[in-house]
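Structure assessment
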Amino acid sequence: MSIDERSRHDRFLFEPDRRTFLAKRALLRIVLSRYASVSPDAWRFAAAAPGKPYVAAPVVRPALYFNLSNTPGLVVCAVSVAHSQVSVDAEGPCRRCPACRAAFRFGGNERAARSADG
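An account of the accompanying structure is given in this report. Just so it is clear, the model here is predicted, and its values are computed rather than measured.

A few points about the overall build of the chain
Scanning the chain from terminus to terminus reveals 3 helices and 4 strands. Moving toward the C terminus, one meets the helices and strands of the chain in the order α-α-β-β-β-β-α. Burial status across the chain gives 26% buried among its 118 residues. A separation of at least 24 residues holds for 20% of the contacts in the chain among residues at least 6 apart in sequence. For the chain, the exposed area adds up to about 8100 Å²; of that, 54% sits on carbon and sulfur atoms.

Some thoughts on unusual backbone geometry
Following A57, the chain continues into P58 via a peptide bond in cis, with omega recorded as -5 degrees. Inspection of the secondary structure assignment puts P58 in the loop between β2 (52–57) and β3 (65–71). Between R61 and the following residue, P62, the backbone shows a cis peptide bond with an omega angle of -5 degrees. As for its placement among the helices and strands, P62 is situated in the loop between β2 and β3.

Things to note about the nonpolar core
Listed in full, the 12 residues of the largest apolar core are L28, L32, A36, V38, W43, F45, V55, V60, L64, F66, L68 and V79. Elements supplying a minimum of two residues to this core: α2 (15–35) and β3.

What counts and what doesn't
Residues numbered from 1 in each chain as written. Predicted model: local features only at pLDDT ≥ 70, side-chain atom pairs only at ≥ 80, totals over all residues. Heavy atoms only, no water. Helix = DSSP H or I, 4+ residues; strand = E, 2+ residues; numbered from the N terminus. Buried < 20%, exposed > 50% of the residue type's maximum accessible area, 1.4 Å probe, protein only. Contact = heavy atoms within 4.5 Å. Areas by Shrake-Rupley, 256 points an atom, 1.4 Å probe, with all protein chains shown as cover. Core = buried A, V, L, I, M, F, W, Y, C linked by side-chain atoms within 4.5 Å.

Right, here's the structure in full:
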């Protein structure tokens, strides 16, 4: 991680938040490295207004656009080479729809998460 990333990591008060931050950064670096011949530790990031992160270095072609999201127990990353406004949202499984309520009742969180996906 860069010095800035380490500083951001260290500002989190709670260990689960620090672990989530590390997971998001690791996932992002590994995924981006699948798209370009760049070592995961070589990526550098910056933030555009209003805080949306982007690849600051190295410059790769085609350009890589990404977005990250998390919810307790889940970190997701979306990458695009075509759309600069790529977006992703992580949501925990709901308990409102009948399928999700049944999954929680009879199968626990793992089955509920699969049911919420489709």
